[in-house]
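Residue-level structural notes
Here is how the chains run, residue by residue.
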Amino acid sequence: MTEPVVVIGGDAAGMSAASKVKREAPDTEVIVFEQGEWVSYAACGMPYYIKGDIEHLDDLVQVTPEEFRAERGVDLRTGHEVVGIDPDSETVTVRTDNETFEQSYGTLLIATGASAVEPPFAGMDLDGVFTLHDMDEAGEIDRYIDEHEPESAAIVGGGYVGIEMAEALDERGLDVALYEMLPQVLAPFGEAVGERVGDHLSEQGVDLHLETAVDGFSGERAVDAVETEDGRRPAELVVVGVGVEPNTSLAAEAGIELGETGAIAVDEYGRTNDENIYAAGDCAESTNVVTGEPDHVPLALTANRAGRAIGQTITGTPQPVGEIAGTAIVKAFDLGAARTGVLDEERARDAGFEPVSVTIDTASRAHYYPGASELTVTLVADEPSGRVLGASLVGREGAKRIDTVATALTAALTVEELQGADLAYAPPYSPVWDPILTAAKVLGSKLAD
Ligand SMILES: Cc1cc2nc3c(=O)[nH]c(=O)nc-3n(C[C@H](O)[C@H](O)[C@H](O)COP(=O)(O)OP(=O)(O)OC[C@H]3O[C@@H](n4cnc5c(N)ncnc54)[C@H](O)[C@@H]3O)c2cc1C
């Protein structure tokens, strides 16, 4: 009898792989072990649930456990935590509330995701102090606001989770303060974005504290203040959003190699150093399309895409998991901010490039058309070759234009080639020269100098 395909983790990467295997090879036995009760959920939607834009938490579930079992034929077992992998005997050890048992596998996919970093702040265990990484936490934050009616909130971290939560908590009527250690919010999006988003947060009434380290939180049983190097401020709710770390302990204990980023090292098909074990999603590395180096940017499309590709590979048609550009977009109140590729000069130099960049302010629509607003575009290229390395965008509309540059990165286009792209124009949508083309023209002239 052939051993089953076993998947650890029932969200984006794991369920994409499981579904693909069953679609391509319906007779293959696929068992998914998920430690929690939620599967196939859109963690990305959680801030909008807390904000109130999404009515029910389970609206964020794409496919229910029952549908996976009945319609897709996946043997999905929630409440099952995998606590060990033995690559020699090709088994995993699984624990439930009632028992611990061994399950053999023919092929194993590790799709254990990432966890929110919990810094050793004083008072992390006080009531009202949260991280936001899983659906239960989203439900808890929502309930805490309903039950305790906090008036003030502190957000620690100016990354995308912190910024989305600033908007969500503001909408729920709390006075929001945001603390960021660095001189700008959204550091991976570059300076131009950080500056505009920071100003906009302040305009929206967020009490923004840049270059401010948080020491901890105080309160009797529940949090009532945040302590920083500048003193103490009221905070009856705290969200700590200082990043995530890949869940790699199971893999590491089984002798599966981790890469230099700390995530699980995989080849272009998502295979680890054990030929029967794959890894995908937030727990695994990807290859950066610009540098060709291993990278770890835990985002949803990367997880879905890699899971799907691995599902196909397992069923006999090898499919590369694809490279990443770290393309990301975030809503910050009325602004959209986006980034792709390599923006950081030092990183570009380390990868052997000589970066040169321009930042321009353009209009999102024809200048005369009602509703046009300012769109700030930064475009980065390698000086000797002219190859596009990355971009960022920020404005009230049009940030999704980042996809044009992400596509250029995938095709390894030069600035000149990007400048030659035939992009769409009509006054309500764009100036004749799309902002990306204008940025390419300006950067092209700089390269020609
Ligand atoms: C608040 C928030 C907002 C986000 N917004 C965006 C966004 O706008 N755009 C974007 O691209 N990305 C966003 N992301 C990131 C995106 O959600 C993740 O990249 C994606 O969910 C990764 O999928 P995954 O399957 O790799 O991991 P996960 O979604 O983390 O799933 C891993 C699963 O494995 C289970 N598991 C772990 N260990 C075990 C074990 N030992 N045994 C059994 N089960 C186990 C976990 O319970 C979990 O269900 C956001 C994330 C958060 C938290």
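Worth saying up front: this structure is predicted, and the values here are computed from it rather than measured. (Residues numbered from 1 in each chain as written. Predicted model: local features only at pLDDT ≥ 70, side-chain atom pairs only at ≥ 80, totals over all residues. Heavy atoms only, no water.)

Thoughts on the overall build of the chain
Put simply, the test is: Under the scheme used here, helices are H or I runs from DSSP no shorter than 4 residues and strands are E runs no shorter than 2 residues, and both carry numbers assigned from the N terminus. Here the term buried applies to any residue with accessible area under 20% of the maximum for its type, exposed to any over 50%, and partly exposed to those in between, with areas from a 1.4 Å probe on protein chains only. The contact definition used throughout considers only heavy atoms, calling two residues in contact when any of these lie within 4.5 Å. Under the convention used here, a 1.4 Å probe and the Shrake-Rupley method define accessible areas, while residue burial counts only the protein chains that appear.
Summing up its helical and strand segments, the chain has twelve helices and 25 strands in all. Expressed as a percentage of its 449 residues, the buried residues of the chain come to 52%. Pairs at least 24 residues apart make up 62% of the contacts formed inside the chain by residues separated by at least 6 positions. Of the accessible surface of the chain, which amounts to about 20,100 Å², a share of 45% is contributed by carbon and sulfur atoms.

Thoughts on the domain arrangement of the chain
Rules: Domain borders in the structure are assigned automatically or taken from a domain database. A quick way to say it: buried area is the sum, across both parts, of accessible area lost when two parts are put together, with a 1.4 Å probe. When a carboxyl oxygen of Asp or Glu lies within 4 Å of a side-chain nitrogen of Lys or Arg, that pair is called a salt bridge.
Split by domain assignment, the chain resolves into domain 1 (5-114 + 245-314), domain 2 (118-242) and domain 3 (336-448). A C-alpha centroid distance of 32 Å is found between domain 2 and domain 3. The interface is formed by nine residues belonging to domain 2 together with 14 residues belonging to domain 3. Across the domain 2 to domain 3 interface the summed buried area is about 740 Å²; carbon plus sulfur atoms make up 64%. Viewed at the interface, domain 3 and domain 2 are joined by one salt bridge. Across the pair Arg196 and Glu374 runs a salt bridge whose closest N-O atoms are separated by 3.9 Å.

Regarding the packing of aromatic side chains
The description of an aromatic ring pair rests on the distance of the ring centres and on the angle between the ring planes. Going by this rule: Working definition: a ring pair exists when centres of Phe, Tyr or Trp rings (six-membered ring for Trp) sit within 6.5 Å. Plane angles under 30 degrees give stacked, over 60 give edge-to-face, the rest tilted.
This model, assessed by the stated rule, comprises three aromatic pairs. Between the aromatic rings of Phe130 and Tyr144, the centroid separation amounts to 5.5 Å while the plane-to-plane angle is 75°, which identifies the pairing as edge-to-face. Linking Phe130 in strand E9 (residues 129-130) with Tyr144 in helix H4 (residues 135-148), this pair joins segments that are 14 residues apart in sequence. The pair formed by Phe130 and Tyr144 is uniform in burial state, with each residue classed as buried.

So, the side chain of Thr313
Position of Thr313 relative to the elements: it lies in helix H8 (residues 300-314). Those residues in contact with Thr313 that lie beyond four places of it in its chain are Tyr269, Tyr278, Pro318 and Gln319.

Details of helix H6 (residues 191-203)
For clarity, the cut-off: Take the number of residues in a helix, subtract one, and multiply by 1.5 Å to get its expected span. The arc in question is formed by the directions pointing from the helix axis toward the C-beta atoms.
With 13 residues, H6 extends 18 Å between its outermost C-alpha atoms, agreeing within 8% with the 18 Å of an ideal straight helix rising 1.5 Å per residue. Those residues of H6 that sit buried are Val193, Gly194, Val197, Gly198, His200 and Leu201. Angularly, the buried residues of H6 cover 165° about the axis, an arc narrow enough to put them on a single face. Looking at H6, the residues exposed on the side facing more than 90 degrees away from the buried face are Glu191, Glu195 and Glu203. Close packing links the buried residues of H6 with helix H5 (160-171), strand E12 (207-209), strand E21 (328-332), strand E22 (335-341) and strand E25 (388-395). Positive phi shows up at Gly205, right after H6, with a value of about 95°.

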